[in-house]
Amino acid sequence: MKRRAFLLACGSTAFAASGSARLRIGQIGTEHAHAAGKMAAMRALPELWEVVGVVAKEKGYEGVPTVTEEKLLGTPDLKAVAVETRMEESCATALRCIEAGKHVHLDKPGALKHDEFKTMRLEAEKRGLTVQMGYMLRYNPAFELLFQAVREGWLGEITEIDAAMGKLGDAKQRGIMAALPGGGLFELGCHVIDAVVTILGKPQGVTAFSTPTQSDGVKDNQMAVLQYAKATAVVRVNHVDPFGGPRRRFNVTGTEGTLEILPMESGKVNLSLTKARGSYKKGTQSFQLSVPKDRYAGEFTDLAAVVRGEKKLAWDAAHDISVHETVMRAAGAWK
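Read on for an overview of the structure. Values in this document were obtained by computation on a predicted structure and should not be read as measured data.

The subject of this paragraph is the environment of M133. Structurally, M133 can be placed in strand 5 (residues 131–133). The contact partners of M133, leaving out residues within four places of it in the chain, are H105, L106, D107, K108, P109, G110, F117, R138, E299 and D320.

This is how it looks when you write it as structure tokens:
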């Protein structure tokens, strides 16, 4: 409870880094689905970051030097590395960066094996280095408001969370999911599980369901129920949903209110309260929050402040380890 309170109290507000000197950062890998977007986000923050190079097996990025991993990690005054490799390689790559003394932005969900992820994450903690997981919902204004509402007790005691994050996966996406023991929920549902664990902590129990829709056996239609002492959280991930994007939602219900985000990254909020809270009235209200055009900008703005020593990342090793275990259990990949 104390750790969860700390996470919520810290919030995920992006802090502007002070000082004039830019921080040096590089990227290893271009294979992750978020890789191009993360590179674009770093390059769009030239007042904070100097992108010195990318390690790419095939095509890199125009205007960014393509270098070897050895050369990148040996770059003078390199502060951080964004790891955007294939999932099979991501955790080992992150560990090499940590052993080289670099902070890491590691894209989700981080590793195929939990023991490997835990070892990497604890090693960073031991060395005083930050591992920022690539969960962009942490920095979405609607989720920031949700975390504030939970932190300040607007919703009372939380009894229920309902979340869905689907899409219509093409042949390439199905191939990626086929290679993952946890299928679509492991690859995509990790985003909402990170938010659930931020709010409620590690669940007491997890029950996983998988109902593949096609004969190839790919886990493309999954659900998990996370059990807590006085709450349940249901997470759905459906990769055969033609309206998956517009239907993505996150709903939190408590004894004194409900906050729903629909669609998930839109900034559209439905808030119902039994009493007035903050600037919000008693009853039901719907409103639109301003959402940055770059969904990843908040991550790298916050990371700059952490690297400069202006703050600590609000999500520590214990949280990330709990999330990774919960994701694996929810995806039916726990062994």
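For the rest of this paragraph, the subject is the sheet that holds strand 11 (residues 257–261). Spatially, 7-8-9-6-10-11-12-13 is the arrangement adopted by the eight strands of the open sheet, whose pairing is mixed. Only two strands of the sheet have a single neighbouring strand rather than two, namely strand 7 (205–210) and strand 13 (283–288). Going from strand to strand, the sheet's axes swing by 10° on average, the running direction of each strand aside. Bridge analysis of strand 12 (residues 268–273) against strand 13 gives six bridges, and the strand direction is antiparallel. When the bridges of strand 13 are listed, N270 appears paired with S286. Contacts from helix 6 (residues 141–151) reach strand 6 (158–164), strand 10 (249–254), strand 11, strand 12 and strand 13, with the element oriented near 165° to strand 11. Lying on the sheet, helix 8 (residues 183–200) is in contact with strand 6, strand 8 (221–227), strand 9 (232–238) and strand 10; it crosses strand 9 at an angle near 155°.

The buried fraction of strand 8 is high, at five of seven residues. Of the strand pairs in this sheet, strand 7 and strand 8 are connected by six bridges, and their pairing is antiparallel. Bridging from a neighbouring strand, G205 pairs with Q227 of strand 8. Across seven bridges, the pairing between strand 8 and strand 9 is antiparallel. Opposite V225, over in strand 9, you have V234 as the bridge partner. Linkage of strand 8 to strand 9, two consecutive antiparallel strands, is achieved through a turn of four residues.

Strand order in the open sheet formed by five strands is 2-1-3-4-5, and the pairing between neighbours is parallel. With one partner strand each, in any of the chains shown, strand 2 (49–55) and strand 5 form the two edges of the open sheet. On average, each strand axis in the sheet is tilted by 20° relative to the strand beside it, whichever way the strands run. Bridge analysis of strand 3 (residues 78–83) against strand 4 (residues 103–106) gives four bridges, and the strand direction is parallel. Each residue of the ladder has a partner; that of A80, found in strand 4, is H103. Along the sheet, helix 5 (residues 114–127) makes contact with strand 4 and strand 5, crossing strand 5 at roughly 130°.

Omega for the bond connecting K108 with P109 falls within 30 degrees of zero, at -10°, which places this linkage in the cis form. Take P109: it is sitting in the loop between strand 4 and helix 5. Across the junction of L262 and P263, the peptide omega takes the value -10°, indicating a cis bond. Mapped onto the elements, P263 comes out in the loop between strand 11 and strand 12.

Take the pattern of salt bridges next. As enumerated under the stated definition, the model contains 24 salt bridges in all. Close ionic contact of K38 with E299 constitutes a salt bridge, the shortest N to O distance being 3.6 Å. With a gap of 261 residues between them, K38 in helix 2 (residues 35–43) and E299 in helix 10 (residues 297–307) connect regions that are remote in the sequence. No difference in accessibility class separates K38 from E299, as the two residues are buried. E123 is the salt-bridge partner of R127, the closest N and O atoms lying 2.6 Å from each other. In this pair, R127 and E123 both sit in helix 5, four residues apart, roughly one turn of the helix. Exposure remark for R127: the relative accessible area of 41% places this residue in the partly exposed category. E123 gets classed as buried once you look at its relative accessible area, which sits at 17%.

The rules we used
Residues numbered from 1 in each chain as written. Predicted model: local features only at pLDDT ≥ 70, side-chain atom pairs only at ≥ 80, totals over all residues. Heavy atoms only, no water. Helix = DSSP H or I, 4+ residues; strand = E, 2+ residues; numbered from the N terminus. Contact = heavy atoms within 4.5 Å. Pairing = 2+ DSSP bridges. Axes fitted to C-alpha atoms, helices over the stretch in contact; angles between N-to-C directions. Buried < 20%, exposed > 50% of the residue type's maximum accessible area, 1.4 Å probe, protein only. Salt bridge = Lys/Arg side-chain N within 4 Å of Asp/Glu carboxyl O.

Interpretation in functional terms is not warranted from these geometric data alone.
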